[in-house]
Amino acid sequence: MSPERLTDLHDGWLLAEAPEGLDGPALAALPAEAWLAAAVPGTAHGALLAAGRIPDPFYGRNETEVRWVAERRWVWRLAFEAGELSAREELVFEGLDTYCSAWLNGERLLESENMFVPRRVDVRERLKPGRNELLLCFEPALARAREVEAIHGKRQLWNGDSARLHARKAQYHFGWDWGPELITCGPWRAVRRHGWSARIDELHCRSELRGRTATLSISAGLEGAGERCVFELLDPEGVCVATQTVPAARGAGAELSVANARLWWPRGLGEQPLYTLVARVLGGGQVLAERRLRAGLRTLRLVQQPVDGEAGSSFHFEVNGQDFFAGGANWIPDDNLLERITPARYRERVAQAAAAHMNMLRVWGGGIYEHEAFYEACDEQGLLVWQDFMFACGLYPANEAFVASVRAEAEAAVKRLRHHACLALWCGNNEDYMLAESAGLAGPGVPAERFEARAIYERLLPEVCAALDPDRPYWPGSPFTPGDGAKSSDATVGDRHSWEVWHQQMLPYQRYGDVQARFVSEFGMQSHPSLALLESALPEAERFPESRTVQWHNKAGSAAGPDGHRRLAVYLADNLRVGPTLAEHVYATQFVQAEAMRVAYQDFRRRWQRPGARAVGGALVWQLNDCWPVTSWALIDSSGAVKPAWHTVRRALGVLAVAVRLEADGARLAVMNGAAAAVEVTLQLRVFAMDGRLLAEAGLTQEAPASSCVETTLGLPRLEEPVVAELLALDPGDGRELARDCAWTEPFKFYRLGGAHLDIAVEGQSLRLSCDLPVKGLWLEREGLVLDDNFIDLVPGVERRVRSRVALPDSLLATAVDHPGRTFNLPKGGG
C-alpha cells in the first residue's frame, strides 16, 4: 500500500485543428507545424488568441471574425512519463467542453457530451512504463447540437440558437442579451492523474444544531485498501475539537459533537467561522488518502408564511432563527474564456459584492456551476448563494438520453457544492416557466404534460436534492409561483422577475415601487461600462455614442432585433439633458442606472417591515458583473471597475439605511435596520432650493426595531420650486452620521444644476468636498482610484469627507449633472 498521488496534467499540451474523418492515432500523426502550445485548463479560442492566430474577440466587432473557430474540430495532445505506477491509476477530467473523445496510447478512453459532468477513467492497464500520449478531440458544439435538434425538433427560446437547448453546455456561450457568441471548446477544468491504493470518493457532512451544540453526521465513500478511517473536526484556528476512528469500509461514517459551536452568519448579522473536516484513510502505518472540506455551522430555512393584511405569503430566508432581508445581485460567468477567471479574480469580485453590503448572490442558470474558489469566497465573506441548475430561457427536451445526462450533471453538482455554508437554495431553472407561459404551454388551464421539462424541474431535480442534500430548500424555477395553473408573474407568492422597468412596459424607474413582489430575484437598468473600458474596445473612429461598434457592444434586444440602444435613449430623454460626446453618454447612462437602483432597492427594502409583515423578502439586481466590454445591466464592468450604481446599492443595503421621498404635502421617510438589535437614531431633514437657500428643516428621534423598516412622514411648507431634500440619520449620543439619502425634484432635465463652485481639498488619505450650490451625482475618477464613497450629492454648508483606499493620484476627474468632466489637481502630502 502506498499513499495516493494526485498530479495535475496541465503543462506541455499542444493544440491542432483536427481534419474531418481523422481520429485517435491519425490525429497524433499530424505534422509538427500543425501544433501550437495550449494551456490546460483552456479553450481553443484562448490558445489561438495567445498564439496570435485570432484577433481579440472583445475588440470592435471581432466577434464575427472568430466564429470559424467554433465551426472546426480541435485536438489537444499531451505526452507524459508514467514513472512508477500505483495499485490503481486513473485519469480525472474535471470538465470537458463539450463533445469530446479521449484516447490514451491509441486506445479510446471515453466519449463525453456534458460540460458539467466530471469523468474518471481507470488506466492502470493502459499506461506504459515510459512515454504515454493522451489525445482529446472536441467536435464543434453547435453542429453537434443541431444534429440532435434534427432528431428531437426545434424548440422555443429566448437568446441564442435553438440548438443550444439540446447541448449540456454553458448556454451563454451561444450568445445572450449581454454577451457575445463565443462557442468555446476544450478541457475547461483540471486534468489530473490519480494514483492510489485507497481513496475517499465522497465526503459528506450534515449538521444539526441544538442550542449551541452542533452534531455532525459524516459519511465517506471509501475505495481500495485501508485499515482505519479517522475523522477530525478542526475549529477555525485549526485546533482539533472532535475526532473519531472507525474501520475503513465503503460506507464509513462517524458522528462528531461540538459544544459552544461558533455559528456561521450571513454578512451583516455576525461572523463567518469555518470549521475544517478532515478524513484520513490509514494503513500500513501511513496515511493512504485524505480529504478536507470546510463547513460553517448554521441552520437555514426558506420561510413562506402569511403577510399581515395582504394576499399570498412571504418568501424570505432565516438563518440560525434570525430572518433577514436578502439584498444582492445575480452572478454571470465573469468571462467568456473561463480559464481566465482566476481564484484571485473570483475573490475580488465577491469582495466587491460584500463591500456593497450584499448578502446574497444568485448563480444564474445560463452559465456554469462555478469554480470552488467562488463558493469558498462566499463562505468567507458571508454571501449566501441561490444556485440555479443550468437551464435558462428555453423549452428544454426531456427525452431519455437528455434526462440521463441531466441526472448525472445534477448529482455531480450537488455532491460537489453541498458542504458550503453559503449555499442557500437549489433552483431548477431561469425563466423557463415564463417562456412556457408565453408559448401557451403553462399557466391557468394548461395541462402539465404540455411543458415536458417539468419532469426535470418538478421530479428529477428535487429527487436528486432530496437524496443528496435534504437539508436545503429546492425551488422549481425563477421566477416560480406554486400551485396548479399559477402564473410566474404573481407578485404575492414565490419569487418574481420585475422587468416592467426596462423590458415590457418600459415604466419610469421612479415606479419601481409598483412592481415589487415577495422576492424580486431580477430587475435592472442598463448603462455603459467605464469610459476607459469602452474606449479600449472601440476603434478610434467609432468612439462616439451612435457608432455601429458602440451598438454592437449592446446585445439587448428581441426577436425583432437589437433594441437596447433605443431603450437607453428613452430613459435618457425622460430624465436628463445629454451632451454629444461618448464621455457624456457614459456618465448619463450610469447616472440613470444609479438613480434607478437607488429607487428600486429602497422601495423593495422598505416593505421588509415587522415580523409577520415581510412583504418583500429580498431583491437581487440583474446583474453584478460582466463577461466582456458591454453596455449591460451590470454594477461592475468586465475590467472590475464599479459603476455609480454600485455606490447607490451599497448605501441602500447598509446595515442601517435611510430613504426620503418628496410628496405634495411633505416628505416620507424610511429607516431600514438590518441588524439583529434595535437601534435609535436622530433623523435630520433639510430642504434646499437650487440656488442654495435653506427652505425648511426638521428633525425627530426614531427607533428602528431589529431587522425591519419603519416609516414616518414630516410635513413641509408647500414647495413651489425645484428642491433637494437631504435626510441624515445621526447617532443620538455623539451626533455621528450613520446613514444619508437625498431626494430631488425630478426629472432633472427640467432645470439647470450648473454653476456650483466645487472645492476638493486633501487631508491625508481623504478628500474634503464642499460646494456653494447643490451638486447632483458627483463622480470622481482616475485609473486605480478606489474611494469609500462616490457618486455623491452635495448640499451647501456641509463638507463631506471621502476616504481613498489607495494613494491619492496627482489629479482626478470630477463630473456631475450639468458639470462636464473637470480635472482637479490635488496637492501632494495633504491639504
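Right, let's walk through the structure included here. (Residues numbered from 1 in each chain as written. Predicted model: local features only at pLDDT ≥ 70, side-chain atom pairs only at ≥ 80, totals over all residues. Heavy atoms only, no water.)

Topic: unusual backbone geometry
Cis geometry is found at the peptide bond from Asp97 to Thr98, where omega equals -10°. With respect to the secondary-structure elements, Thr98 resides in the loop between strand 5 (88–93) and strand 6 (100–104). In this structure, Gln623 follows Trp622 across a cis peptide bond, with omega equal to 10°. (Helix = DSSP H or I, 4+ residues; strand = E, 2+ residues; numbered from the N terminus.)

With respect to the pairing of strand 19 (residues 286–295)
For strand 18 (residues 275–283) and strand 19, the ladder comprises nine bridges, and the chain directions are antiparallel. Paired with Arg280 across the bridge in strand 19 is Glu290. (Pairing = 2+ DSSP bridges.)

Looking at the sheet that holds strand 40 (residues 758–763)
Think of a sheet as strands paired side by side through backbone hydrogen bonds, with each pair either parallel or antiparallel. Spatially, 40-41-44 is the arrangement adopted by the three strands of the open sheet, whose pairing is antiparallel. Two strands in the sheet have a free side with no partner beyond their single neighbour: strand 40 and strand 44 (800–803). Averaged over all pairs of adjacent strands, the angle between strand axes in this sheet comes to 25°, irrespective of strand direction. Of the strand pairs in this sheet, strand 41 (residues 766–771) and strand 44 are connected by four bridges, and their pairing is antiparallel. Across the sheet, the residue bridging to Arg768 is Arg801, located in strand 44. (Axes fitted to C-alpha atoms, helices over the stretch in contact; angles between N-to-C directions.)

Focus: the pairing of strand 40
Across six bridges, strand 40 lies against strand 41 in antiparallel orientation. Residue pairing for strand 41: Ala761 is matched across the bridge by Arg768. From the end of strand 40 to the start of strand 41, which pair antiparallel, there are two residues, and Gly764 there has a positive phi angle of about 65°.

Notes on the packing of helix 11 (residues 564–575) against helix 12 (residues 582–605)
Describing two packed helices takes the angle between their axes plus the distance from one axis to the other. Two numbers describe how helix 11 lies on helix 12: the axes approach to 10 Å, and their chain directions differ by 80°. For the element pair helix 11 / helix 12, the angle class is roughly perpendicular. Across from Leu568, Tyr571, Leu572 and Asn575 in helix 11, the residues of helix 12 making contact are His585, Ala588, Thr589 and Val592. (Parallel < 35°, antiparallel > 145°, perpendicular 65-115°, else oblique. Contact = heavy atoms within 4.5 Å.)

Notes on the sheet that holds strand 4 (residues 74–81)
Ordered by their spatial adjacency, six strands build an open sheet running 3-2-4-9-6-7, and the pairing between neighbours is antiparallel. Edge positions in the sheet fall to strand 3 (36–37) and strand 7 (107–112), since each of these pairs with one other strand and no more. Note: strand 2 (residues 14–17) against strand 4, four bridges, orientation antiparallel. Within strand 4, the residue paired with Leu14 across the bridge is Arg77.

Notes on helix 3 (residues 141–152)
Between its first and last C-alpha atoms helix 3 spans 17 Å; for twelve residues at 1.5 Å apiece the expected length is 16 Å, and the two agree. The elements touched by buried residues of helix 3 are strand 10 (174–176). (Expected span 1.5 Å × (residues − 1).)

Brief notes about the pattern of salt bridges
Per the stated rule, a full pass over the model turns up 80 salt bridges. Ionic pairing is found between Asp818 and Arg577, a salt bridge with its closest N-O pair at 2.7 Å. Note that Asp818 is positioned in the loop between strand 45 (811–816) and strand 46 (819–825) and Arg577 in the loop between helix 11 and helix 12, a separation of 241 residues in sequence. For Asp818, a relative accessible area of 27% translates into the label partly exposed. Looking at Arg577, the relative accessible area reads 34%, which means it is partly exposed. A salt bridge links Arg606 to Glu711; the shortest N-O distance between them is 2.7 Å. Remark: Glu711 occurs in strand 37 (residues 708–715) and Arg606 occurs in the loop between helix 12 and strand 32 (618–621); sequence separation between them is 105 residues. By relative accessible area, Arg606 is classed as buried at 4%. The exposure class assigned to Glu711 is partly exposed, which follows from its relative accessible area of 37%. (Salt bridge = Lys/Arg side-chain N within 4 Å of Asp/Glu carboxyl O. Buried < 20%, exposed > 50% of the residue type's maximum accessible area, 1.4 Å probe, protein only.)

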